[in-house]
Amino acid sequence: MYNSNYPLQKKNKETQLLFLDNFSYRLIGIGFCFLTLGILSGAVWANETWGNYWSWDPKETWAFITWLVFAIYLHMRFVGKFKGIKSAWVASFGFIIIWVCYLGVNFFGKGLHSYGFFIT
């Protein structure tokens, strides 16, 4: 059967995807600002506590990797190199990296920021 509303549904879906793409871009931009502030304030605190700003601890390293992934995402979106599915893949990859930084390093890593639940 032919559905006469199909072009409208397709346009509506494209409009929704464009909205979600722009919405995620804005949310990642806000989150990137908070991540930057967190890394910088953590570095200042580390300098006051341990005497150095950066010690390449696994948590610090993965936070920096997370920052780089989202910096690349924002840069490529700002320059206009990609939108849509490509930016969604990079954002999804960044989301996975956040979880690696948040949980993976805490439970499996060794260093100042690990709590070693699963370390034997």
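Just so we're clear, the structure is a prediction, and the values are computed from it rather than from any experiment.

A.B. asks: Sorry if this is basic, but what is going on with the environment of Ile 85 here?
C.D. replies: Summarising the element assignment, Ile 85 is placed in helix H3 (residues 85–108). Separated by 68 residues in sequence, Ile 85 and Leu 17 have C-alpha atoms that sit 9.6 Å apart.

A.B. asks: Got a minute to help me understand the packing of aromatic side chains in this structure?
C.D. replies: Here the structure, examined in full by the defined rule, presents ten aromatic pairs. Taking 6.4 Å as the distance between ring centres and 55° as the angle between the ring planes, the aromatic pair formed by Tyr 25 and Tyr 73 counts as tilted. Taken together, the positions of Tyr 25 in helix H1 (residues 6–50) and Tyr 73 in helix H2 (residues 58–79) put the pair 48 residues apart, joining distant regions of the chain. According to the relative accessible area criterion, Tyr 25 is partly exposed, its value standing at 24%.

A.B. asks: I tried to follow the UniProt feature "transmembrane region" (unreviewed entry) in the protein on my own but got confused; where do I start?
C.D. replies: In the UniProt entry, the feature "transmembrane region" (unreviewed entry) is given for residues 23–46, 61–80 and 87–108. Taken end to end, residues 23–46 comprises 100% helix and 0% strand; its first and last C-alpha atoms sit 34 Å apart. Along residues 87–108 one finds 100% helix and 0% strand; the C-alpha atoms at either end are 30 Å apart.

Criteria and thresholds
- The numbers attached to residues start from 1 for each chain and follow its sequence in the written order.
- Only residues with pLDDT of at least 70 get local features here, since the model is predicted, and only at 80 or more are side-chain atom pairs given and counted; chain-wide, interface and lining totals rely on the full set of residues.
- Hydrogens and water are ignored here; the side-chain numbers use all heavy atoms of the structure.
- The numbering of helices and of strands both runs from the N terminus, where a helix is a DSSP run of H or I of at least 4 residues and a strand a run of E of at least 2.
- Only the six-membered ring of Trp is used, alongside the rings of Phe and Tyr, when aromatic pairs are assigned; centres must lie within 6.5 Å, and planes under 30 degrees apart are stacked while those over 60 apart are edge-to-face, with the rest tilted.
- With a 1.4 Å probe rolled over the protein chains alone, any residue whose accessible area is under 20% of its type maximum counts as buried; one over 50% counts as exposed, and the rest are partly exposed.
- UniProt positions are given in the numbering used here, feature names are shortened, and annotations may be inferred rather than shown by experiment.

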